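Examining the three-dimensional arrangement
One-letter residues, chain by chain:
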Amino acid sequence: MRVFICQLKRIFRAPFFLGLLAVFLAFDLYLVFSEASGHKNDWENCRRSVNMVNSVAEETGTKINSTDFKKKFAVVLDSHKRDLKSFYHQKTGKESDDLSVMLDNLEGNIYQMTRGEKNRLYDDTTVLNMENILQNRFGVYRNTDFKKDGETYIHEEKLEGFQAEFIRKNSAALQSRVKEIETDGEEDELYFPGNMCRTHGFLYGILFRALVFESALLGVLIMMYIVNFEFMHGTQALAYSSRRGRKLATNQFGAAFISGLLVPALLMAVVLPAYFALFNFSNLWNVSVSSPLNVEMSGIGFFPVITWTRMTVLQYLWATIGIAFALQAVFCLLAFAVAVFFRNNYAGFIIYAILSMGIIMIPERLPWSTPLPVITAANPFTAWKNCGSWLALSEPTLTYPTYFPVLFLLWGAIAAVVIFFGVRRFRRADL
Amino acid sequence: MLTVQNVTKRFGSFTALEDINLEFGKGVYGLLAPNGAGKTTLMKMIVTLLFPTKGRILCDGKEILSMGESYREKIGYLPQEFGYYRNDSPRQYLRYLGALKGLERRAAEVRIDGLLEKVGLADVKDKKMKKFSGGMVQRVGIAQALLGNPEILVLDEPTAGLDPKERARFRNLISEFSKDRTVILSTHIVSDIESVANRIVMLKDHSVYCDTDCSSLCGMMGGKVFECSVPQKDADSFEMSHLVISRREETGQTHFRFAQDGEKGLPPQAKPVQPDLEDVFLYIYRED
Ligand SMILES: Nc1ncnc2c1ncn2[C@@H]1O[C@H](COP(=O)(O)OP(=O)(O)OP(=O)(O)O)[C@@H](O)[C@H]1O
Ligand SMILES: [Mg+2]
């Protein structure tokens, strides 16, 4: 236990650990704050939009199709329309009923507006845009035919056998999931409109991608630092001939693994509360993430979010956090495996980096005439790259419901085997 | 009692040690052999850092590799080369190693202070080790080896880098410590061994050449070591034809100490002298 605590202390006192942790935290907070203050252009402010949609939801509830919602939304809409009109009158001295005329004229004025005036304009336009978005939300799902897309893909790639079946099966499953979304009411749930708010794309596609990357980097560095500590300091002859002997590696692994998992916990504990303090989700936690409003045409792509089963916003967040921790565990295990094999941090780290980049690049280079692209794509590095589309529609090789179970079984097994042989070799290695 | 039984160690195709058989009881054993003879290799096998290719090492009849912690807690080891954590003080360094050795924290604290005193580092015990000289680091290493109060102490060239005063201090420390214990120390500095070791083990051609006490080793050379003076002009040809141990220039004469089997061709002025360990070393490891 004392040896274990010694190792923990070493990690927490290591300059690289504290330094990188501070840099990463600063960077993530910068991401969050710039998203929050970010005016993608002078006409949009996604933080105000998010908070506006959330407060509308407080009034209206989240069932778009209910008469209650329609009635209450009409009231909200009306008040914002009137507000815009009076604002328009105040700014230009003119009267108009035409929304686009008002906005066109105000646009020219926006640089002379005070912050308060701008905010008033953002809030009004958010609600007015919502009306439009709510009415046109069906297009997203009703116009897609995944089965047909799948067949086209199969035809273009000249797929046969396993691959053709794989694509066919998954596009059929997607199509029936889309049908489910249409029928079980998910289609009628209010969510932050993707184009206006960019919540999903930012939170998962950018913020979580950064968090997972930073955690992995730090976790891997910690693991290598501590497992090879004695070798890098030339103290191996002392440490491994002591009573503790080579079992020291067990303490080192334990300490590094626990601190490795602590890293995402620390980062998330600061960054996520900061994000949700600025972007208020309070009334939309229980809507489905597969709502057709959750479509972004920029950022991570044109994909709607279609999860394999119905998941609420909160469930999706927790699932993402869970997967992030599980991935972190795999990254740390692999780092341990590399560290015991190479016993040198510089070599080990470079090999790890090359390996991870290689593994990301392999799947798309393998011929579709074999099942290899699918199997190789189930790896933690590709999963990281695919952050934002987890548990949902994504690239063909990643789009099947059991992607994560397959990934964790496969890579858990790979890590276990490599570690088993690495440890066995280490036990009988000449030091 | 430590028994090395038919131990062979190969590195790839290179054989470092071949069929070594040795017994270490109580007392100080001096491992005396030239560079590259395999002293470090043998010691690393004794402290379980290396594994014999063949044969086994027993401690009180039990194979050391199967004993695990119960064996390693008996040993103290000073490696020939070792690193340290640059920003640690000797005290912090010893504390960590004490934890690895499984010492109780309080007892370790007392022992660390005592040992640092004994190796003459009491006044720098809280200074960072990166500011230490080579000899100071070596003394921290010696303290570290003694930390667990080991029954078996293995010291690989413990006096390397120590000045004469520190060497003397070290010899006293070892004599004091070695009562009822096994101390194995390697060196190629003959004078270190002469004064402390009860037994001398010599390795030659990857095998044990001899395992005996100092006086019988020197006795082995009895009547084989001579001294004589030769005129300076004949000195070089004398050196070519004799096994010279040492050569000293005096006025007009060169004084030789040399070894020779039998009296054949012995210069008439040569006088037999009492052989010492250095003579033995040079005689045994002469280049034929
Ligand atoms: N890990 C290794 N791999 C290959 N050869 C090795 C290894 N360790 C030692 N050797 C070889 O084994 C022989 C014995 O080395 P060892 O270090 O035991 O000698 P030594 O008696 O301690 O020498 P010195 O007096 O210089 O310390 C040397 O020839 C060395 O080159
Ligand atoms: Mg050596």
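In this text the structure is predicted, and so the values were computed from the model without any measurement. (Residues numbered from 1 in each chain as written. Chains lettered and ligands numbered in written order. Predicted model: local features only at pLDDT ≥ 70, side-chain atom pairs only at ≥ 80, totals over all residues.)

Digging into the overall build of chain B
Using the following cut-off: Strands here are runs of E lasting at least two residues and helices are runs of H or I lasting at least four, both read from the DSSP assignment and numbered beginning at the N terminus. Put simply, a residue is buried when 20 or more other C-beta atoms lie within 10 Å of its own C-beta and exposed when 12 or fewer do; between those, it is partly exposed, and each C-beta is set from the backbone.
Within chain B one finds 11 helices and 14 strands. Taken over the C-alpha atoms alone, chain B extends approximately 70 × 45 × 35 Å along its principal axes. Among the 288 residues that make up chain B, the fraction classed as buried is 39%.

A short note on the nonpolar core
To keep things clear, this is the line we draw: Put simply, a nonpolar core is a cluster of buried Ala, Val, Leu, Ile, Met, Phe, Trp, Tyr and Cys residues tied together by C-beta atoms within 7 Å. By definition, residues are in contact whenever their C-beta atoms, placed on the basis of the backbone, come within 7 Å of each other.
Ranked by internal contacts, the top residues of the largest apolar core, which has 171 residues, are Met223(A), Val227(A), Ala256(A), Ala335(A), Phe336(A) and Val154(B). If we skip the residues at most four places from it in the chain, Val154(B) touches Met43(B), Ile46(B), Val47(B), Ile75(B), Gly76(B), Tyr77(B) and Ile184(B).

Description of the site of ligand 1
Residue and element names in this part refer to chain B. Which entries qualify depends on this criterion: Here is the check we use: build the C-beta atom from the backbone, and if it is within 6 Å of the molecule or strand, call the residue near. Amino acids outside the nonpolar list (Ala, Val, Leu, Ile, Met, Phe, Trp, Tyr, Cys, Pro) and the charged list (Asp, Glu, Lys, Arg) are all regarded as polar, and Gly is one of them.
Around ligand 1 sit 13 residues, and of these Phe11, Asn35, Lys39, Thr40 and Thr41 come closest. Counting only elements with at least two residues in the shell around ligand 1, the list comes to strand 2 (14-24) and helix 1 (39-46). A total of three residues in the shell around ligand 1 trace back to one element, the largest contributor, which is helix 1. A per-class count over the shell around ligand 1 returns five nonpolar, seven polar and one charged.

Looking at the sheet that holds strand 4 (residues 54-59) of chain B
Residue and element names in this part refer to chain B. Stated precisely, the cut-off is as follows: A pair of strands is treated as paired once DSSP finds two or more bridges between them.
The antiparallel open sheet is built from four strands, whose spatial order is 2-1-4-5. Across the chains shown, the open sheet's two edge strands, defined by having one partner strand only, are strand 2 and strand 5 (62-63). Sheet topology note: the strand 1 (residues 2-11)/strand 4 ladder contains five bridges and is antiparallel. Bridging from a neighbouring strand, Leu2 pairs with Cys59 of strand 4.

Brief notes about the environment of Gly68(B)
Topologically, Gly68(B) is positioned in the loop between helix 2 (64-67) and helix 3 (69-72). Between the C-alpha atom of Gly68(B) and that of Ala160(B), which follows or precedes it by 92 residues, the distance is 30 Å.

Quick look at the pairing of strand 10 (residues 207-213) of chain B
Residue and element names in this part refer to chain B. Here strand 9 (residues 199-204) runs beside strand 10; their pairing, made up of six bridges, is antiparallel. Looking across to strand 10, one finds that Ile200 is bridged to Thr212. Here strand 9 hands over to strand 10 after two residues, with Asp205 in that stretch at a positive phi of 50 degrees.

A look at the domain arrangement of chain A
Short version of the rule: Source of the domain bounds: an automatic or database domain assignment.
The assigned domain composition of chain A is domain 1 (2-41 + 190-427), domain 2 (65-136) and domain 3 (139-188). Between the C-alpha centres of domain 1 of chain A and domain 2 of chain A the distance comes to 42 Å.

Here we look at the interface of chain A and chain B
For interface size, the figure often reported is the accessible area lost on association. Taken together, the 19 residues of chain A in the interface contact 23 residues of chain B. Every element with two or more residues in the side of chain A that touches chain B is listed here: helix 1 (2-13) and helix 13 (236-239) of chain A. Class assignment of the residues belonging to the side of chain A that touches chain B gives a composition of eight nonpolar, six polar and five charged.

Section: the sheet that holds strand 3 (residues 27-32) of chain B
The strands that make up a sheet pair up through hydrogen bonds in the backbone, lying either parallel or antiparallel. Residues and elements named next belong to chain B. The condition is simple: Helix axes use the C-alpha atoms of the stretch in contact, all axes being lines fitted to C-alpha atoms, and the angles between their N-to-C directions lie in the range 0 to 180 degrees.
Read from one edge to the other, the open sheet built from six strands follows the order 6-7-8-3-9-10, with strand pairing classed as mixed. Only two strands of the sheet have a single neighbouring strand rather than two, namely strand 6 (75-78) and strand 10. Averaged over neighbouring strand pairs, the angle between their axes works out to 15 degrees when direction is ignored. Seen against the sheet, helix 6 (residues 134-146) touches strand 6 and strand 7 (152-156) and runs at an angle of roughly 170 degrees to strand 6.

A word on helix 2 (residues 15-37) of chain A
What sets the pattern is the α-helix's 3.6 residues per turn: residues three or four places apart point alike. Using the following cut-off: A helix is expected to reach a length of 1.5 Å times the quantity of its residues less one.
For helix 2 of chain A, spanning 23 residues, the distance from its first C-alpha to its last is 32 Å, which sits close to the expected 33 Å at 1.5 Å a residue. Looking at helix 2 of chain A, one finds that the buried residues are Phe24(A), Asp28(A), Val32(A) and Glu35(A).

Regarding the domain arrangement of chain B
Residue and element names in this part refer to chain B. Domain assignment breaks chain B into domain 1 (2-219) and domain 2 (221-284). Distance between the C-alpha centres of domain 1 and domain 2: 36 Å. Of all the secondary-structure elements, those providing two or more residues to the side of domain 1 that touches domain 2 are helix 8 (190-196), strand 9 and helix 9 (214-220). When residues in the side of domain 1 that touches domain 2 are grouped by element, the largest group, four residues, is from helix 9. Taken together, the residues of the side of domain 1 that touches domain 2 break down into eight nonpolar, one polar and two charged.

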